[in-house]
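Remarks on the overall topology
Listed below, chain by chain, are the residues.
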Amino acid sequence: MSLIIDCHGHYTTAPPQLEKWRNQQILGIKDASLMPKASDLKISDDEIRESINANQLRLMKERGNDLTLFSPRASFMAHHIGDFNVSSTWAAICNELCFRVSQLFPEHFVPVAMLPQSPGVDPRTCLPEMVKCIEQYGGVGINLNPDPSGGHWKEPPLTDKWWYPIYEKMVEYDVPAMIHVSTSCNPAFHTTGAHYLNADTTAFMQLIQGDLFKDFPTLRFLIPHGGGAVPYHWGRFRGLAQEMKRPLLESHVMNNVFFDTCVYHQPGIDLLNTVIPVKNVLFASEMIGAVRGIDPTTGNYYDDTKKYIDASTLLSPEDKHQIFEANTRRVFPRLDARLKKQGR
């Protein structure tokens, strides 16, 4: 039987003190006398336990999910707010909370790091936090925001050498990055309905246009939310790559790029698994995330994505094992090593 590993979880249910502290930090950007210290935030282990037991862990047990890769709340990253110092303090606080969750629930949660990105700031500034999260917290991956400006896309494409310091460190530690934007501050783009999916699609197109994986053949990216528009428009991307004289997508990007199953209806999951090779699909739900309601046509939660994989008639039992467990262990080798130490 497969270990059911959800590769895309966020701490969306953190105790309310976290948001209160963040709001105070934002006030402190304009008035330094109001800026809180990191030590001002007080959250007990019992409060963390309560926030997890009543939410993520309860649903994991109800749905049959065993383990979640857990990172700070994506919409809270908000890299466009303040400067690098603001982002650095905020990232450290959020990463420490996810680490504490993993310490309190070692069988069920493994940390993934948020980076202290800031618009226009050299990515090298993210490396100390990244290294800390991997070496000290046991982090198995990172979340990389391709648009720290929050919907205005001011940074170079992901294939630009500007990003290389992060990639070099990813290769050194053999960790993948989930490409995940944060809150949109551009009113033209709804955060979860437009900005997230736009970013997923944009990241894939950027990778087609460049030759990043020639420089980093072992670099691995996970594009969430089922890859945005990519699977649905696979013919478009193949055709554009052909017109650009790029190699076939199978060799150009698909040894390095993976998609998760945060797609919230059966036809979408079926499309994903018809178009994208099984080896490139990782199980995920992003539960208690953007879509939390119950689908009136099925009576099930939209984000109970395990039901869609279980119900698929396209996938063999071995395919489902690959999606639920094996692919994630391969893409996240530090997770695989951690699980082997636990005898799993």
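For the structure given in this document, a descriptive report is provided here. Predicted model, so just to flag it, every value in this text is computed and none were measured. (Residues numbered from 1 in each chain as written. Predicted model: local features only at pLDDT ≥ 70, side-chain atom pairs only at ≥ 80, totals over all residues. Heavy atoms only, no water.)

**Some points on the packing of helix 6 (residues 127–135) against helix 7 (residues 164–173)**
At their nearest, the axes of helix 6 and helix 7 sit 11 Å apart, and the two run at 15° to each other. It follows that helix 6 is roughly parallel to helix 7 by the angle criterion. Here the hand of the crossing between helix 6 and helix 7 comes out right-handed. Note on element contacts: helix 7 touches helix 6 through Pro-165, Ile-166, Lys-169, Met-170 and Tyr-173, opposite Leu-127, Met-130, Val-131, Ile-134 and Glu-135. Grouping the constituent residues of the contact of helix 6 with helix 7 by class yields 8 nonpolar, no polar and 2 charged. (Axes fitted to C-alpha atoms, helices over the stretch in contact; angles between N-to-C directions. Helix = DSSP H or I, 4+ residues; strand = E, 2+ residues; numbered from the N terminus. Parallel < 35°, antiparallel > 145°, perpendicular 65-115°, else oblique. Left-handed = near helix turned anticlockwise from the far one by under 90°. Contact = heavy atoms within 4.5 Å. Nonpolar A, V, L, I, M, F, W, Y, C, P; charged D, E, K, R; others polar.)

**Some remarks on the packing of aromatic side chains**
Scanning the model with the defined rule gives 16 aromatic pairs in all. When the ring of Phe-76 is compared with that of Trp-90, the centres are 6.2 Å apart and the planes differ by 40°; the resulting orientation is tilted. Here Trp-90 lies in helix 5 (residues 84–104) and Phe-76 lies in helix 4 (residues 74–77), a separation of 14 residues in the sequence. Neither residue differs from the other here; Phe-76 and Trp-90 are each classed as buried. Summarising the aromatic geometry, the rings of Tyr-167 and Phe-221 are spaced 5.6 Å apart at their centres and angled 65° between planes, so their arrangement reads as edge-to-face. Of this pair, Tyr-167 sits in helix 7 while Phe-221 sits in strand 7 (residues 221–223), and the two are 54 residues apart along the sequence. The pair formed by Tyr-167 and Phe-221 is uniform in burial state, with each residue classed as buried. (Phe/Tyr/Trp six-rings, centres within 6.5 Å; stacked < 30°, edge-to-face > 60°. Buried < 20%, exposed > 50% of the residue type's maximum accessible area, 1.4 Å probe, protein only.)

**Quick word on the pairing of strand 8 (residues 257–260)**
Alternating positions in strand 8 separate into two faces, Val-257 and Phe-259 on one and Phe-258 and Asp-260 on the other, with burial throughout. Relative to strand 8, strand 7 runs parallel, the two sharing 3 bridges. Paired with Leu-222 across the strands is Phe-258, a residue of strand 8. Bridging between strand 8 and strand 9 (residues 281–282) involves 2 bridges; their strand directions are parallel. Note on strand 9: the bridge partner recorded for Asp-260 is Leu-282. Viewed along the sheet, the connection from strand 8 through helix 12 (residues 266–275) into strand 9 turns out right-handed. (Pairing = 2+ DSSP bridges. Right-handed = clockwise from strand over helix to strand, strands pointing away.)

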